[in-house]
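Observations on the three-dimensional arrangement
If you want the building blocks of each chain, they are given just below.
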Amino acid sequence: MLIPMQIRLDPSWKRELKTEFEKPYFAELRAFVRDAYGVRTVYPPPSEIFHALDACPFDTVEVVILGQDPYHGPKQANGLSFSVHEGLRIPPSLQNIFKEINSDLSIKTNPSGDLDRWAKQGVLLLNATLTVEGGRPGSHQRHGWEAFTDAIVNALSEKREHLVFLLWGAYAQQKGEVIDRAKHLVLTSPHPSPFSADRGFFGCRHFSKTNTYLKEHGKKEIDWR
């Protein structure tokens, strides 16, 4: 267990990441996160730290969308990159993701910002850092989470075939350098943030390209609505 609270993690990931849980860096990370939750406001709630993995077992992953940090505002983060809890205002980057989906596929997306509907179809919505202190973006970076999520990307690259990795922005692209391009489709673009979406995220057509690739390899297309 990461901290002395209820943690949900699909057994397939426990198997794949067993050696990571046993490494010295993870013991230090565990202590850091446990102490942070004890004295500060930290997001997401402890039960949702591993939500991305629990909602999308290792053998069901078909698409990976890499984010950086959980949202650091009250009640926003739910353990899935770019996703927020049901009923909350949709953040600007996710609004732009929905705009690109609508344009690319000529469909209208569900107005909810909760992306569990994607995770259940095999979309792993993985942040590089799985926890953050409220109001302090990046506060839990460089404490071990990056090594842990690197191991996730490595495992998927090495042990699975014909996955689609969507790498938006320089940070995600750097983290994805280890992905085997001979086995997987890697699509890159600027980040969907309002500061960069106009520089190539809009018009990237990653969602139709993803579905075309999945279909070509005998897989079910993602319903991006």
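Presented here is an overview of the structure given in this document. Quick caveat: nothing in here was measured; it's all calculated off a predicted structure.

**Topic: the layout of surface pockets**
If a probe as big as a water molecule is rolled over the atoms, it shows which places are left empty. Of the pockets and cavities examined, the largest pocket occupies roughly 420 Å³. Around the largest pocket sit 26 residues that line it, and Q68, D69, Y71, N127 and H191 are the ones nearest its centre. Those elements that place two or more of their residues in the lining of the largest pocket are β2 (63–67) and α8 (170–175). Of the residues belonging to the lining of the largest pocket, the class tally is 14 nonpolar, eleven polar and one charged.

**Describing the nonpolar core**
One finds W13, I65, I97, W118, L124, F148 and L156 to be the most contacted residues of the largest nonpolar core, which totals 65 residues. When residues of this core are assigned to their parent elements, the largest contribution, seven residues, is made by helix α7 (residues 145–159). In this structure, L156 is in contact with W13, F58, V61, V64, L124, L163, F165 and H184, ignoring residues within four places of it in sequence.

**Quick notes on the packing of aromatic side chains**
We describe a pair of aromatic rings using the distance from one ring centre to the other and the angle between the two ring planes. Under the criterion given, the structure shown has 15 aromatic pairs. On the basis of an interplanar angle of 45° and a centroid distance of 5.3 Å, the ring pair of F26 and F148 is categorised as tilted. Placement of F26 in helix α3 (residues 24–39) and of F148 in helix α7 is noted, with a sequence separation of 122 residues between them. A residue is classified by how much of its surface remains accessible, and F26, at 2% relative accessible area, is buried. Looking at F148, the relative accessible area reads 0%, which means it is buried. An aromatic cluster is present here, built from F82, F98, W118, W168, F201, F202, F207 and W224 joined pairwise through their rings.

What counts and what doesn't
Residues numbered from 1 in each chain as written. Predicted model: local features only at pLDDT ≥ 70, side-chain atom pairs only at ≥ 80, totals over all residues. Heavy atoms only, no water. 1 Å grid on protein atoms, 1.4 Å probe; cavity = no way out; pocket = protein on both sides within 12 Å on 5 of 7 lines; lining within 4 Å. Points joined across faces, edges and corners; volume = space filled by probe spheres on them. Helix = DSSP H or I, 4+ residues; strand = E, 2+ residues; numbered from the N terminus. Nonpolar A, V, L, I, M, F, W, Y, C, P; charged D, E, K, R; others polar. Core = buried A, V, L, I, M, F, W, Y, C linked by side-chain atoms within 4.5 Å. Buried < 20%, exposed > 50% of the residue type's maximum accessible area, 1.4 Å probe, protein only. Contact = heavy atoms within 4.5 Å. Phe/Tyr/Trp six-rings, centres within 6.5 Å; stacked < 30°, edge-to-face > 60°.

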